[in-house]
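Reading the structure
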Amino acid sequence: LYSSCGIATSCLPRSNVEAALRKGKHFVGDRMNVAFVFPRISFLWTGTSSLVAGQRCVLRQPSSRSCTALSPPWSSSLESLPASESPRLYHIKFYSSSRVLGLIEELGIKDKVNTRVIDAAKLRLDPELTQRNPTKRLPYLELGDGLDGVIESGAIIQFLLEMYDTNHTLSFPPLTAGDSKDQVRKRAQFLQFLYFGPSTAYHTIMPIFFQTFGVPHDKRNQAEIQRLAGDWDRLVVGVLVKQLKESGGPYLMGPKFTAVDIAISFDLMTASFTGVPSLLADPLLAEYFKLISSREVFKNLYSP
């Protein structure tokens, strides 16, 4: 995968690029024109602050290029692996790995990404698993084929979207040179809320969950719960409601159900388990949660 012409920069001769690639060079470049080559994976950063991903670009003239969309360069190699070596998600029911499993089921790729349900003891104590995943946390996606695994919910979701959601059923396409302001805005919002659930929302709701779940009502620290609920209202509810209003709903990105709705559903589910009514009291947020929790995948993931 290569191109030798940037945007508003001088162009490298195509022969120079090809010759360098044949010799196994790690990069060739001039200014912002840099072609990176790694085993099994090649990609391109070219032009003035522009990222061209998932495209094959051929130089036509010194000032123009022709690009065609490609599947991710590693996709075909992973998809052709036997089931024992295909990507494998390690999952515990009601853990945050549920976000990733929800994506797998909504995309319909259970035949391409295996799921191994484990328990907390295996996660903490299994020597083979802890060697590969020393954080001892979930989610953990094992890539197979001798590749390192991936941790962090948002990163795994984005990785799987880039690999398998090539028609952007649950996502918005990566930016390319010449995209409109509206495309830039939507992509930026999509990435923001893809990571918002596993980061801000998760770290805001879990302290409330630990203060309430399984704790008798008369034993709860109500003052602390109210303080934490105030953080949830300010940091999470306010942000989600604002986005729902601006996008026009009914989903976070507007009329289209996407991976960001899957990602945030885990945190809203957790809020519903706390028994603190004020967490989901906002009418617009309550309607949104009712909508996403009515999906069959959600019901299968979070039913007792």
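Structure first, text after, so check above.
The following refers to the structure shown.

1. Here we look at the pairing of strand β8 (residues 114-117)
- Pairing geometry for strand β7 (residues 88-91) and β8, over four bridges, is parallel. Of the residues in β8, the one forming a bridge with Arg88 is Asn114.
- With helix α3 (residues 97-107) bridging β7 and the parallel β8, this β-α-β connection has right-handed handedness.

2. A short note on a nonpolar patch on the surface
- A surface patch of nonpolar side chains, about 270 Å² in accessible area, is lined by Phe94, Phe213 and Phe273.
- Checked against the element boundaries, Phe273 lands in helix α9 (residues 259-273).

3. Looking at the nonpolar core
- In terms of nonpolar packing, the biggest core is built from 62 residues, with Leu103, Leu141, Leu160, Trp232, Leu240, Leu268 and Tyr288 touching the most fellow members.
- Only α3, α6 (153-164), α7 (181-212), α8 (222-247), α9, α10 (283-292) and α11 (296-302) provide two or more residues apiece to this core.
- The residues contacting Tyr288, other than those within four sequence positions of it, are Leu244, Pro250, Tyr251, Leu252, Asp261, Ile264 and Leu268.
- Of all hydrophobic cores here, the second largest spans seven residues; its members include Tyr90, Ile118, Leu129 and Leu138.

4. Notes on the packing of aromatic side chains
- Taken as a whole, this structure holds 12 aromatic pairs when the rule is applied.
- Between Phe289 and Phe298 the ring centres are 5.9 Å apart and the planes differ by 80°, which places this aromatic pair in the edge-to-face class. Accessibility classification places Phe289 together with Phe298 in one group, the buried group.
- Clustering of aromatic rings is evident, with ring pairs tying together Phe94, Tyr202, Phe266, Phe273, Phe289, Phe298 and Tyr302.
- In this structure, Lys93 is placed above the aromatic ring of Phe94, and the distance from its NZ or CZ to the ring centre is 4.9 Å.
- Taking NZ or CZ as reference, Lys256 lies 4.5 Å from the ring centre of Phe172, over its face.

5. Comments concerning α3
- Counting buried residues along α3, nine of its 11 residues qualify, which places the element largely inside the surrounding structure.
- Of all the positions in α3, only Ser97, Ser98, Arg99, Val100, Leu101, Gly102, Leu103, Ile104 and Leu107 are classed as buried.
- Those residues of α3 that are buried are in contact with β7, β8, α6, α7, α9 and α11.
- Positive backbone phi, approximately 70°, marks Gly108, located one or two places after α3.

Rules used in this analysis
Residues numbered from 1 in each chain as written. Predicted model: local features only at pLDDT ≥ 70, side-chain atom pairs only at ≥ 80, totals over all residues. Heavy atoms only, no water. Pairing = 2+ DSSP bridges. Helix = DSSP H or I, 4+ residues; strand = E, 2+ residues; numbered from the N terminus. Right-handed = clockwise from strand over helix to strand, strands pointing away. Patch = residues over 30% accessible without salt bridge, like charges linked within 9 Å, V, L, I, M, F, W, Y side chains within 5 Å. Areas by Shrake-Rupley, 256 points an atom, 1.4 Å probe, with all protein chains shown as cover. Salt bridge = Lys/Arg side-chain N within 4 Å of Asp/Glu carboxyl O. Core = buried A, V, L, I, M, F, W, Y, C linked by side-chain atoms within 4.5 Å. Buried < 20%, exposed > 50% of the residue type's maximum accessible area, 1.4 Å probe, protein only. Contact = heavy atoms within 4.5 Å. Phe/Tyr/Trp six-rings, centres within 6.5 Å; stacked < 30°, edge-to-face > 60°. Lys NZ or Arg CZ within 6 Å of the ring centre and 35° of its normal.

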